[in-house]
Amino acid sequence: MSSNEKGQNQQENRIMLINNVLAIGFVGGLLASFAGIIAHYFNFMEFSPKFILTSWSNMTWIDRWLGTVMTMLVFGILSVGIALIYYGLFRKMKSILSGVFFGAVCWALLIFVLKPMFSDLPSFSEMSSKSIITSICIFILYGLFVGYSISYDHQEYIRHNNNNKGAENQSRS
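Residues numbered from 1 in each chain as written. Predicted model: local features only at pLDDT ≥ 70, side-chain atom pairs only at ≥ 80, totals over all residues. Heavy atoms only, no water.

Peer 1: Any chance you could explain the overall build of the protein here in plain terms?
Peer 2: Looking only at helices and strands, one finds 5 helices and 0 strands in the protein. Going from N to C terminus, the protein has its helices and strands arranged as α-α-α-α-α. In terms of overall size, the protein is more extended than a compact globule, its C-alpha atoms giving a radius of gyration of 20 Å where 173 residues would be expected to give roughly 16 Å. Buried positions account for 37% of the 173 residues belonging to the protein. The contacts of the protein with a sequence gap of at least 6 include a subset with a gap of at least 24, amounting to 73%. (Helix = DSSP H or I, 4+ residues; strand = E, 2+ residues; numbered from the N terminus. Rg over C-alpha atoms; globule rule 2.2 N^0.38 Å. Buried < 20%, exposed > 50% of the residue type's maximum accessible area, 1.4 Å probe, protein only. Contact = heavy atoms within 4.5 Å.)

Peer 1: Can you walk me through unusual backbone geometry in this structure?
Peer 2: Note: most residues except glycine have negative phi, and most peptide bonds are trans. Of note in the backbone geometry, Asn43 takes a positive phi value of approximately 60° without being a glycine. Mapped onto the fold, Asn43 is located in the loop between helix 1 (3-41) and helix 2 (51-54).

Peer 1: What should I look at first to understand the packing of aromatic side chains in this one?
Peer 2: Two aromatic rings are characterised by how far apart their centres lie and by the angle between their planes. Applying the stated criterion to the full structure yields 10 aromatic pairs. Ring plane angle 85° and centroid distance 5.1 Å describe the contact between Tyr41 and Phe42, whose orientation is recorded as edge-to-face. Of the two residues, Tyr41 and Phe42, both sit in the exposed class. Ring geometry for Trp107 against Phe112: centres 6.1 Å apart, planes inclined by 90°, an arrangement best described as edge-to-face. Among the residues examined, Trp107 registers a relative accessible area of 6% and is labelled buried. Connected via pairs of aromatic rings, a cluster forms that spans Phe47, Phe51, Phe75 and Phe118. (Phe/Tyr/Trp six-rings, centres within 6.5 Å; stacked < 30°, edge-to-face > 60°.)

Put into structure tokens, the structure is as follows:
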């Protein structure tokens, strides 16, 4: 394999890895917001993930199925950015604890730092214990999904590159 082909192959693998990170982030956001909507429906949380829309608008469509779909799409899109942050900072972590920690940090950032942006999100002191536990569990599962998936993809990328280097070295001998 020529040097140019090897470089092009590595570039294609890198692009595929980034595309996987984007997909993982989007799917993670969809799943987490859906879990939050289900948890709210069954009264495990007093607030709905729709707070992301209702804090900015009071249109009636938000309370219907379109609001649910739009909420999930917004969380999916925001989650792409969060997944890129995880990829940039923690992609080399091999422990599932890094994903759990990342999810807990995302929850704390939302509740304590970003709360002023969302008027319909209750403050920590206004939340019941079941809302706190449910929401932090959803965020931990989200962080676990995103973290483990991205780290696994990164490890596979490295393993694939190492296998290619080993095959190249054997062909030279």
